[in-house]
Every structure is written in structure tokens, then in C-alpha cells.
Amino acid sequence: MSVWRELLVWTDGTVYRWWTGHLSPKTRRRLYTAYGVDNPATAARCVAHRREELQQARTPSESIVEQMS
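In this report, the structure presented in the accompanying data block is examined. (Residues numbered from 1 in each chain as written. Predicted model: local features only at pLDDT ≥ 70, side-chain atom pairs only at ≥ 80, totals over all residues. Heavy atoms only, no water.)

An ideal rise of 1.5 Å per residue puts 26 Å on 18 residues; helix 1 (residues 40-57) measures up with 26 Å between its terminal C-alpha atoms. Listed as buried for helix 1 are Ala43, Val47, Arg50 and Leu54. The arc enclosing the buried residues of helix 1, seen along the axis, measures out at 60°, which places them on a common side. Away from its buried face, by an angle of more than 90 degrees, helix 1 presents the exposed residues Arg45 and Gln56. (Helix = DSSP H or I, 4+ residues; strand = E, 2+ residues; numbered from the N terminus. Expected span 1.5 Å × (residues − 1). Buried < 20%, exposed > 50% of the residue type's maximum accessible area, 1.4 Å probe, protein only. Arc of directions from axis to C-beta.)

If you want it as C-alpha cells, here you go:
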């Protein structure tokens, strides 16, 4: 499910998974976080926290463009 720009959450039926916004220092690959589907409330709080991080990281020009469209 697309939650926010650059925040896509998916599940394989066992875990919810999404990109943390960080890269591995060794491999430069994306680092992902995962939470079990047996605890959706915790996963939802963590997704909401990540969305807030992404919202705060937006540049002012990005906000203006989105408001005008």
C-alpha cells in the first residue's frame, strides 16, 4: 500500500515491510524494517512515524507545488 511519497508498505502475509530511508554503509543497499502481522497496531505506529519523518523532510518548494496542483 502506498502511504506517502517514498513510503510503500507491503506484506507477504507474515510481516509488514518498508524502507527505513537509510542505506547500508557497506553495500549501499536500502535497509528495510519489518513488523509481524500479528501486531498491526505497532506496525501502524511505526509507519505513521516514518510518514511524519518524510513529511518533515520535504522542502518548502515541494509543499508549494503540491498545494498548487
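What follows covers the packing of aromatic side chains. The tally for this structure, following the rule as stated, stands at two aromatic pairs. Centroid distance Trp10 to Tyr32: 5.6 Å. Interplanar angle 75°. Geometry classified as edge-to-face. One end of the pair, Trp10, is in strand 3 (residues 10-11); the other, Tyr32, is in strand 5 (residues 30-36), and 22 residues separate them in sequence. Relative to Tyr35, the ring of Trp18 has its centre 5.7 Å away and its plane inclined at 10°; by these criteria the two rings are stacked. With Trp18 in strand 4 (residues 15-23) and Tyr35 in strand 5, this pair connects stretches of sequence that are 17 residues apart. Given a relative accessible area of 28%, Tyr35 falls into the partly exposed group. Its guanidinium or amino end placed over the ring of Trp19, Arg30 lies 3.8 Å from that ring's centre, counting from NZ or CZ. (Phe/Tyr/Trp six-rings, centres within 6.5 Å; stacked < 30°, edge-to-face > 60°. Lys NZ or Arg CZ within 6 Å of the ring centre and 35° of its normal.)

Measuring from C-alpha to C-alpha, the distance between Tyr35 and Val15 comes to 5.3 Å, with 20 residues separating the pair along the chain. In this structure, Tyr35 is in contact with Val15, Tyr16, Trp18, Thr42, Ala43 and Cys46, ignoring residues within four places of it in sequence. (Contact = heavy atoms within 4.5 Å.)

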